[in-house]
Amino acid sequence: MLAVTVCACAACGGKEDYGSAVPQTAIPRVELMPNNPQPYKIIGWRQKAVDYDSYVFDFGARYPAGAVIWLDSSRRNLPQVTFGLYTAINDSRQGPTNNGGEFHESLNSMAAVLGAGLVGIDKTNQHGFNFVKMLQSYFNSATGWNIMMNNTTPQVALLGGGYGRDWWYDVLPNVLFYAICDVFPNVDNADNIQRSIAEQFYKADSTLSGCYDYSYFDYAQMKGMVNQIALQQDAAGGHGYVLYAAYQKYGDARYLSGAKSAIEALDKQQESRFYEILLPMGVYTAARLNAEHSASYDVEKMLSWVFDGCKSVSGRYGWGVIAGKWGRYDVSGLQGSTTDGGGYAFLMNSMKMAWPLVPMVKYQPEFARAIGKWMLNNTNAARLFFPNEIEDSLQWLPELKEHTGALVAYEGLRYEDAYSKPELKGAHPVALGDGPRWTSSNPKESMFSLYSTSPIGIMGAMVDTTSVKMILRLDCNVTDFYAPRKFPTYLYYNPYPVDTSIAYQAKGSSDIFDIVARKYVAKNVHAEASIKLGADQAAILVELPAGAKIKREGRTLKVGREIISF
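Residues numbered from 1 in each chain as written. Predicted model: local features only at pLDDT ≥ 70, side-chain atom pairs only at ≥ 80, totals over all residues. Heavy atoms only, no water.

**Student:** Where do I start with the overall build of the chain in this structure?
**Tutor:** Counting its regular elements, the chain contains 17 helices and 22 strands. A principal-axis box enclosing the C-alpha atoms of the chain has dimensions of 70 × 55 × 50 Å. For the chain, the proportion of its 566 residues judged to be buried stands at 64%. Residue pairs in contact within the chain that sit at least 24 positions apart in sequence constitute 68% of those at least 6 positions apart. Of the roughly 19400 Å² that the chain leaves accessible, carbon and sulfur atoms contribute 48%. With 52 positive and 55 negative side-chain charges, the chain shows a spacing of 4 Å between the two charge centroids. (Helix = DSSP H or I, 4+ residues; strand = E, 2+ residues; numbered from the N terminus. Buried < 20%, exposed > 50% of the residue type's maximum accessible area, 1.4 Å probe, protein only. Contact = heavy atoms within 4.5 Å. Areas by Shrake-Rupley, 256 points an atom, 1.4 Å probe, with all protein chains shown as cover. Lys, Arg positive; Asp, Glu negative; His and termini not counted. Charge placed at Lys NZ, Arg CZ, Asp CG, Glu CD.)

Structure below.
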């Protein structure tokens, strides 16, 4: 070991009073998940994210599927050329020669740019393009909505992907755009768009006045709408997230008021209306408001809504987090339908849910163990969507698994096959996708989904292994957007029934403080130290400069002006 801990854990804190250890709050559905998911394997998420970017943004890609990116010169919304990505491999509705090259989705393009940025790729200057600036073409001004949307124009929107008729499709592009602007600040015109989004969301929340009982919201008319889509009260979580980010960026008290109003509406719901990702964004925002503004939102209730899922037939019934074993595989932790055909999990949702929930534990560390255990299962199971990580006998297109260099995943993982392929009868689970069902002209390789894989950089930037199998190092800062992130902060969960020591890698001469135990666990660390984790317990370790003094100030622990714990 390159360096040693120079004080014993029990003595590191001296006589300083840093408060009592934080009791952990269990989430019942997470308790159904195994501590040692099997078979166990953590893939190299960071490298896969880097390789995915290299393939997806290569206009001359040589994989059998060919290039999956093209230029869109229609100049919708802004006088600039933008780019499109296939939603799924060879989707017949898309590409440079179909529908004028204008059918592409921001939820795909934005996720790919965000994920690349998180693993350190400069998307403002790559292959001669500013891909971040090009995303601004999704800002829909001609419609009068004046927010980012999933398509550049209504002319292609109804071909698929939602347009003004499914609320989460309208809110999530703005959540993504705010995140991208934090990763890539100071891009020309981005500030104008962020301001417009904040104003529109503030007006919308003011109009809604605590009632989010709608299928979607018309941001031009400022009017809630009901159609055949289930009511989406969890859109309040997305509104709250964006408005709180806007408050952090601009300091406008109206945005803070709007964020509180949206999260209050979410908190007052009587049941889970969970679907996709907006409720977890609301959970994170509620936790920050609790910590930073002394609010009292029921985060435990909201987390249970996420994991237990929607049980209302008037909502997205059955949507939640899977807990169980399919065949010989533990698939706990994945997000999707818990009821469709015995269960239908989706990669995009499973990866994106880590974005808000991992940094959330900084603000409410009583959930560190629950989130750590969930992420151990989620990260392990998420690899099964990739065709090179699951047996040929459990996937729909083994003959094409090298079609994309094993970089593009299947859209979904089902308990059982949905297409009645004879070879898959009785197989559990089955990797497949819905692409061939979107339109009769779609080829079978449309089961491989860029839309689902594009957020891979979230996992690539967040997840790392340690010196001990099944103990992961989760970066709590990397997706904690519009927040102070001066000191490295990591979540660890020890799934073993005994205390277990890991080798902690420090970036410099450091003291390591655990905000769950409320004590130092190592001091004067140079490069590496051995740190003991309690049996079946979690730690949130903050890496401080050696000798930095922690002071207790009201409800917070601070180093200088920086809050390290609430």
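**Student:** I keep staring at helix α11 (residues 299–308) and nothing clicks. Help me out?
**Tutor:** At 3.6 residues per turn, the α-helix brings residues three or four places apart onto the same side. Within α11, seven of the 10 residues are buried, which leaves the element mostly enclosed by the surrounding structure. The complete set of buried residues in α11 reads Val299, Met302, Leu303, Ser304, Trp305, Val306 and Phe307. Residues of α11 that are buried make contact with α1 (28–31), α9 (253–267), α10 (278–293), β7 (319–321), α13 (354–363) and α14 (368–382). Trailing α11 by a residue or two, Gly309 shows a phi angle of about 90°, which is positive.

**Student:** What is the right way to read the pattern of salt bridges from this model?
**Tutor:** As a working rule, side chains carrying opposite charge can pair if their charged atoms are close by. With the rule as written, the count across this model stands at 26 salt bridges. Of the charged contacts, one joins Lys301 and Asp267 as a salt bridge, the two residues approaching to 3.2 Å between their closest N and O atoms. A residue pair is termed long-range when its members are at least 10 positions apart, and Lys301 in helix α11 and Asp267 in helix α9 qualify at 34 residues. Looking at Lys301, the relative accessible area reads 24%, which means it is partly exposed. Several salt bridges share partner residues, and in doing so they unite Arg195, Glu199, Asp252 and Arg254 into one network. (Salt bridge = Lys/Arg side-chain N within 4 Å of Asp/Glu carboxyl O.)

**Student:** Can you walk me through the side chain of Glu528 in this structure?
**Tutor:** Position of Glu528 relative to the elements: it lies in strand β18 (residues 519–533). We note that Glu528 is buried and unpaired, the nearest opposite charge coming from Arg473 at a distance of 9.3 Å. At 2.8 Å, the side chain of Glu528 and the side chain of Gln505 are in polar contact. (Polar contact = N/O pair within 3.5 Å; in protein donor to acceptor, adjacent residues only side chain to side chain.)

**Student:** Help me out: how do you make sense of the sheet that holds strand β14 (residues 463–465) in this one?
**Tutor:** In any sheet, the strands associate via hydrogen bonds between backbone groups, in a parallel or an antiparallel arrangement. The strand order across the open sheet formed by six strands is β14-β15-β16-β19-β17-β18, and the pairing between neighbours is antiparallel. Unpaired on one side and paired on the other, β14 and β18 mark the two borders of the sheet. With direction set aside, neighbouring strand axes in the sheet form an average angle of 35°. (Pairing = 2+ DSSP bridges. Axes fitted to C-alpha atoms, helices over the stretch in contact; angles between N-to-C directions.)

**Student:** What am I meant to see in the sheet that holds strand β10 (residues 335–337) here?
**Tutor:** Taking strand neighbours across the sheet as the criterion, the five strands line up as β7-β10-β11-β12-β13 in an open arrangement whose pairing is antiparallel. Edge strands, defined here as strands with exactly one partner in the open sheet, are β7 and β13 (430–432). Recorded for the sheet is a direction-independent mean angle of 30° between the axes of neighbouring strands. When strand β11 (residues 344–346) meets strand β12 (residues 412–414), the two strands line up antiparallel, connected through three bridges. Bridge pairing in β12 places Phe346 opposite Gly412.

**Student:** Any chance you could explain the pairing of strand β15 (residues 472–475) here in plain terms?
**Tutor:** Within a regular beta strand, the side chains point alternately toward one face of the sheet and then the other, so they alternate between its two faces. Because side chains alternate across β15, one face comprises the buried residues Leu472 and Leu474, and the other comprises Arg473 and Asp475, equally buried. Pairing of β14 with β15, which is carried by three bridges, proceeds in the antiparallel orientation. The partner of Val463 across the bridge, within β15, is Leu474. Taken together, β14 and the strand that follows it, β15, pair antiparallel across an intervening segment of six residues, in which Met470 is found at a positive phi of about 75°. Here β15 pairs with strand β16 (residues 489–493) via three bridges, running antiparallel. Along β16, the bridge assignment pairs Leu474 with Leu491.

**Student:** Whenever I open this one, the nonpolar core confuses me. Can you help?
**Tutor:** In a soluble, globular protein the nonpolar side chains are often hidden away together inside. With 185 residues, the main nonpolar core has Phe307, Ile371 and Trp374 as its most contacted residues. Residue contributions to this core peak at 12 residues, all from helix α6 (residues 167–183). Residues in contact with Ile371, not counting those within four places in the same chain, are Leu303, Leu357, Val358, Met360, Val361 and Leu491. Of all hydrophobic cores here, the second largest spans 16 residues; its members include Ile471, Tyr490, Tyr492 and Ile512. (Core = buried A, V, L, I, M, F, W, Y, C linked by side-chain atoms within 4.5 Å.)

**Student:** I tried to follow the packing of aromatic side chains on my own but got confused; where do I start?
**Tutor:** In this description, a pair of aromatic rings is defined by centroid distance and the angle of the planes. Applying the stated criterion across every chain yields a total of 35 aromatic pairs. Summarising the aromatic geometry, the rings of Trp168 and Tyr275 are spaced 6.0 Å apart at their centres and angled 80° between planes, so their arrangement reads as edge-to-face. With a gap of 107 residues between them, Trp168 in helix α6 and Tyr275 in the loop between α9 and α10 connect regions that are remote in the sequence. Exposure class is identical for Trp168 and Tyr275. Each is buried. (Phe/Tyr/Trp six-rings, centres within 6.5 Å; stacked < 30°, edge-to-face > 60°.)

**Student:** Even after reading the chapter, I still don't get the packing of α9 against α11, so can you show me in this structure?
**Tutor:** Where α9 contacts α11, the axes come no closer than 10 Å and their chain directions differ by 65°. Considered as vectors, α9 and α11 are oriented roughly perpendicular to each other. Crossing hand, α9 versus α11: left-handed. Of α11, the residues touching α9 (which contributes Ile263, Leu266 and Asp267) are Lys301, Met302 and Trp305. (Parallel < 35°, antiparallel > 145°, perpendicular 65-115°, else oblique. Left-handed = near helix turned anticlockwise from the far one by under 90°.)

**Student:** Honestly, the packing of α6 against helix α7 (residues 190–208) in this entry has me stumped. Any pointers?
**Tutor:** Between two packed helices, what matters for the description is the angle formed by their axes and the separation of those axes. At their nearest, the axes of α6 and α7 sit 11 Å apart, and the two run at 140° to each other. In terms of orientation, α6 lies oblique with respect to α7. Of the two elements, α6 crosses α7, and the hand of that crossing is left-handed. Each of Trp167, Val171, Asn174, Phe177, Tyr178 and Cys181 in α6 lies in contact with α7, whose residues at this interface are Ala190, Ile193, Gln194, Arg195, Ile197, Ala198, Phe201 and Leu208. Split into classes, the residues belonging to the contact of α6 with α7 amount to 11 nonpolar, two polar and one charged. (Nonpolar A, V, L, I, M, F, W, Y, C, P; charged D, E, K, R; others polar.)

**Student:** Would you mind going over the side chain of Gln335 with me for this structure?
**Tutor:** Position of Gln335 among the secondary structure elements: in strand β10. Taking the relative accessible area as the measure of exposure, Gln335 reaches 0% and is therefore buried. Ignoring anything within four residues of it in the chain, the contact list for Gln335 reads Phe274, Glu276, Trp319, Gly320, Val321, Ala345, Phe346, Asn349, Ser350 and Met353.

**Student:** Help me understand the environment of Ala49, please; the structure alone is not making it clear to me.
**Tutor:** Note on placement: Ala49 falls in helix α2 (residues 45–56). Considering only alpha carbons, one finds Ala49 and Gly457, 408 residues apart in sequence, at a separation of 5.1 Å. Setting aside residues no more than four positions away along its own chain, Ala49 makes contact with Val119, Ile456 and Gly457.

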